[in-house]
Amino acid sequence: MQYTEPKAAPGSSVSNNATTQQPSVHSNGHIVAHNVSSPTTVPQPQHDSRPSTPAPTPESYVPREQWGGKYEFLLSCIGYCVGLGNVWRFPYLCYRNGGGVFLIPYFIMLFFTGVPLFLMELSLGQYGAAGPITVWKCCPLLKGIGIGMLCVSTLVCLYYNVIIAWTFYYLGSSFQSPLPWSCDAIANSALCGNATTNSSSGTSLSPTEVFWNERVLGVVNSEGLHNPGPVRWPLALCLLAAWIIIFLCMLKGIRSSGKVVYVTATFPYFVLIVLVIRGATLEGSLQGVAFYLTPDWDRLANAQVWNDAASQIFYSLGIGVGGLLSMASYNKFDNNVIRDTLIITIGNCSTSFFAGFAIFSILGHMAWRKGVPVAKVADTGPGLAFVAYPEALALLPGSVFWSILFFLMLFMLGVDTLFGNMEGITTAVLDEFPQLRGNMKHKSLFLGCLCFAFYLMGLLLVTDGGIYWFTLIDSFSTSFGLIIITLFMCIGISFFYGVNQFCNDIIDMIRHCPPWCSKVLLYFKACWVFFTPFLLLFILTYIFIEMYNTSLHYGSYVFPRWGKALGVCMGATCCLQILIWAIVAVSRETGTLKDRFQKAIRPLNSWRANNLNSTGRAEEQVEPERVEAPFTVTLTDMDFTAMTWETAGEA
């Protein structure tokens, strides 16, 4: 008589009466294992449908770390989400897309796209207790989603630390009095005179623009993408310092980065409050705030407004990059993931809105001082952070202090976001090679090599023409490829894994689920199945149309066609991982194509085994791979020395 091991149905924990442990071979030739209650022996099957991976021995098992407290996780996620985009992108989009009217599509996209996807990624990581790649044991067909997330994280880390290097350069320059980009500096006296006389023509450059383009970037020495020029060694040293800081902060994993976020995630809020208070006391600040919030109701009929709102929600929450999933994997199993999702997402979007007052109150003062409309001084991206706002700060009394405070804030915002992206990469690798977790020396060596590799690749972005490469990677790394990855994540969980099963998993984690929790899950279920995929398709369609009709440019430089094609290849490389690894997963199965597909979308038994982080579940262990053929019930040493079990059976 043979016993066939039942497959793990989604949502059902595989539990056997026998406790499974690593078998050992004795000199008598029998395979024996301890604590096996079944008395029946069965011959070993000749053919398995899938090669079985031996279960890890207790000595080789390395438990995953966990956050030191719930506030570490919350602050890490808030720091990861509240990044530079909240300060230098949202306020600009708000004024460009109808002022206060922009908040209507913004919050609609938040509750129908941002919050559902955020909850999905947190829940997936927390339930599976695994990183972006390993977590797809819940649906092996979609392992390529995790690989794609890893590719996106790599591109983002490559260019994001360059922003921190720029911030370091400005922070060091801010300790000079007067500021080197202000009109009070002797070297800028001629520039300020020209700017005053020729402001109507708009052909002159301000001291901040000269400092940014010539002193910092050196872009005036480059002809374009094809001619990056030499490395700018002051920036290279700043980039090296930035990677050393990242390495030291992440050296002990979440045990070290979880403590750092107590400072890096809270300090920007302190600075924003101070800047809002200071801005409110300045002449012309109300003009800037009015420019920021004045509604233009006609803009609601423009598709670009809705696309900008969806894109800002999507990118500011950091969805689909793997950072959220990795950080959630270190949570306790019974953490209330719905509560955390609401706190983090609403807090992130409120911060974006609040940051607009800090930005436009001071820009309004600069416009009042110059006698020009606010639209003439408003900018987005690096242009706001390193040109417009520093120029506004230079006009304030005590400009050195305000400049130091502002660039410290930018540094904290950038570091927190980079922590999340790096955590996505390191967690994915450590889950695939768990032996690194138990060896601090090897883990440190891996992290050091990773940071150094990023530094070497980042040197291209600190050349004279590095800003062109920066713009190219920034434009395409989180473009259509990231949207496609997130779309497949949403569809895969909803239709392959099962949206009902996923909701049951969330309830299983929360355990004592209050009544409102079950009702909220009905809303999320509707979003995951209908609204969110539809909105993601809308964003994706608009991106392709815009990418086809508009050219990529930085300032007056228009990128060549081969440069744009290179950017498209970056995005395509990320999303093509889904197709490649789906083919691999199907080819590893047996049977007809339909059978292979059905097997490839079923969770592995070890999907349930990851839940050892939860209290009281440490005794639950299952096989690390799904075995579809009959298995052998092995015997203990006692079976060869006594007949107690036979006597009991006869009785």
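If you're wondering where the values come from, they're calculated on a predicted model, not measured in any experiment. (Residues numbered from 1 in each chain as written. Predicted model: local features only at pLDDT ≥ 70, side-chain atom pairs only at ≥ 80, totals over all residues. Heavy atoms only, no water.)

Engineer: Mind showing me how you'd approach the nonpolar core here?
Structural biologist: Note on soluble globular proteins: their nonpolar side chains tend to be buried together. The biggest cluster of nonpolar side chains holds 191 residues, and the ones touching the most others in it are Trp166, Trp243, Leu363 and Met422. Beyond its immediate stretch of four places on either side in the chain, Met422 contacts Cys157, Trp243, Ile246, Met250, Leu447, Leu450, Cys451 and Phe454. (Core = buried A, V, L, I, M, F, W, Y, C linked by side-chain atoms within 4.5 Å. Buried < 20%, exposed > 50% of the residue type's maximum accessible area, 1.4 Å probe, protein only. Contact = heavy atoms within 4.5 Å.)

Engineer: Would you mind going over helix α4 (residues 103-128) with me for this structure?
Structural biologist: Three- or four-residue spacings in an α-helix give side chains the same orientation, since the helix completes a turn every 3.6 residues. With 26 residues, α4 should cover 38 Å at 1.5 Å per step; its first-to-last C-alpha distance of 35 Å lies within 8% of that length. Taking the largest bend as the criterion, α4 deviates by roughly 45°, centred on Leu110. Count one or two residues on from α4 and you reach Ala129, which has phi positive near 50°. (Helix = DSSP H or I, 4+ residues; strand = E, 2+ residues; numbered from the N terminus. Expected span 1.5 Å × (residues − 1). Bend = angle between axes of the 7 residues up to and from the residue.)

Engineer: Is there a simple way to think about the side chain of Ser173 in this case?
Structural biologist: Structurally, Ser173 is set in helix α5 (residues 143-173). The buried category is assigned to Ser173, whose relative accessible area is 7%. Here the side chain of Ser173 touches Tyr169 through a polar contact of 2.9 Å, landing on its backbone oxygen. If we ignore the near neighbours within four places in the chain, the residues touching Ser173 are Leu179, Pro180, Trp181 and Phe211. (Polar contact = N/O pair within 3.5 Å; in protein donor to acceptor, adjacent residues only side chain to side chain.)

Engineer: Where do I start with the pattern of salt bridges in this structure?
Structural biologist: Where charged atoms from two side chains of opposite charge approach closely, those side chains can pair. For the coordinates displayed, the defined rule picks out seven salt bridges. Linking Lys259 and Glu72 is a salt bridge whose minimum nitrogen-to-oxygen distance equals 2.7 Å. With a gap of 187 residues between them, Lys259 in helix α9 (residues 254-264) and Glu72 in helix α1 (residues 70-81) connect regions that are remote in the sequence. Residue classification places Glu72 among the buried positions, given a relative accessible area of 3%. (Salt bridge = Lys/Arg side-chain N within 4 Å of Asp/Glu carboxyl O.)

Engineer: It is not clear to me how the packing of α5 against helix α21 (residues 561-587) should be interpreted in this structure. Could you clarify?
Structural biologist: In a pair of packed helices, the angle between the axes and the distance between the axes together describe the arrangement. Contact pair α5 / α21: the axes reach a minimum separation of 6 Å and the direction vectors enclose 160°. If you check the angle between α5 and α21, you find them roughly antiparallel. In the packing of α5 onto α21, the handedness of the crossing is right-handed. From α5, Lys143, Gly144, Ile145, Ile147, Gly148, Cys151, Val152 and Leu155 reach across to α21, where they touch Met570, Cys574, Gln577, Ile578 and Trp581. Here the residues of the contact of α5 with α21 sort into nine nonpolar, three polar and one charged. (Axes fitted to C-alpha atoms, helices over the stretch in contact; angles between N-to-C directions. Parallel < 35°, antiparallel > 145°, perpendicular 65-115°, else oblique. Left-handed = near helix turned anticlockwise from the far one by under 90°. Nonpolar A, V, L, I, M, F, W, Y, C, P; charged D, E, K, R; others polar.)

Engineer: Explain the packing of helix α16 (residues 399-432) against helix α17 (residues 440-458) to me, please; I cannot follow it from the model alone.
Structural biologist: Where α16 contacts α17, the axes come no closer than 12 Å and their chain directions differ by 135°. It follows from the interaxial angle that α16 and α17 lie oblique. Judged by the twist between their axes, the crossing of α16 over α17 is right-handed. Facing Met422, Ile425, Thr426, Val429 and Leu430 of α16, the residues of α17 in contact are Lys443, Phe446, Leu447, Leu450, Cys451 and Phe454.

Engineer: Hey, could you run me through the confidence of the model for the chain in this one?
Structural biologist: Low pLDDT marks stretches whose predicted atomic positions should not be read closely. The share of residues in the chain with pLDDT of 70 or more is 82%, and the mean pLDDT across the chain is 81. Here residues 195-203 is modelled with pLDDT under 50, and outside its nearest four sequence neighbours on either side it reaches three contacts, counting other chains as well. Low pLDDT, under 50, characterises residues 612-633; the predicted model gives this stretch 67 contacts beyond four residues in sequence or across chains. (pLDDT = per-residue confidence, 0-100.)

Engineer: What am I meant to see in helix α15 (residues 382-394) here?
Structural biologist: The end-to-end C-alpha distance of α15, which contains 13 residues, comes to 17 Å, matching closely the 18 Å that a straight helix rising 1.5 Å per residue would cover. The sharpest bend along α15 reaches about 30° and sits at Ala388, with the proline Pro390 one to four residues further on. A large share of α15 lies buried, amounting to twelve of its 13 residues. Considered for burial, the residues of α15 that qualify are Gly383, Leu384, Ala385, Phe386, Val387, Ala388, Tyr389, Pro390, Glu391, Ala392, Leu393 and Ala394. Of the surrounding elements, those touching the buried residues of α15 are α2 (84-88), α5, α7 (207-217), α10 (267-280), α14 (337-370) and α16.

Engineer: What exactly am I supposed to notice about a nonpolar patch on the surface here?
Structural biologist: Nonpolar side chains collect at one region of the surface, where Phe107, Phe111, Leu342, Ile346, Trp516 and Tyr523 lie side by side and expose about 490 Å² of accessible area between them. Broken down by secondary-structure element, the contributors of at least two residues to the nonpolar patch are α4, α14 and α20 (515-549). Here Trp516 is to be found in helix α20. (Patch = residues over 30% accessible without salt bridge, like charges linked within 9 Å, V, L, I, M, F, W, Y side chains within 5 Å. Areas by Shrake-Rupley, 256 points an atom, 1.4 Å probe, with all protein chains shown as cover.)

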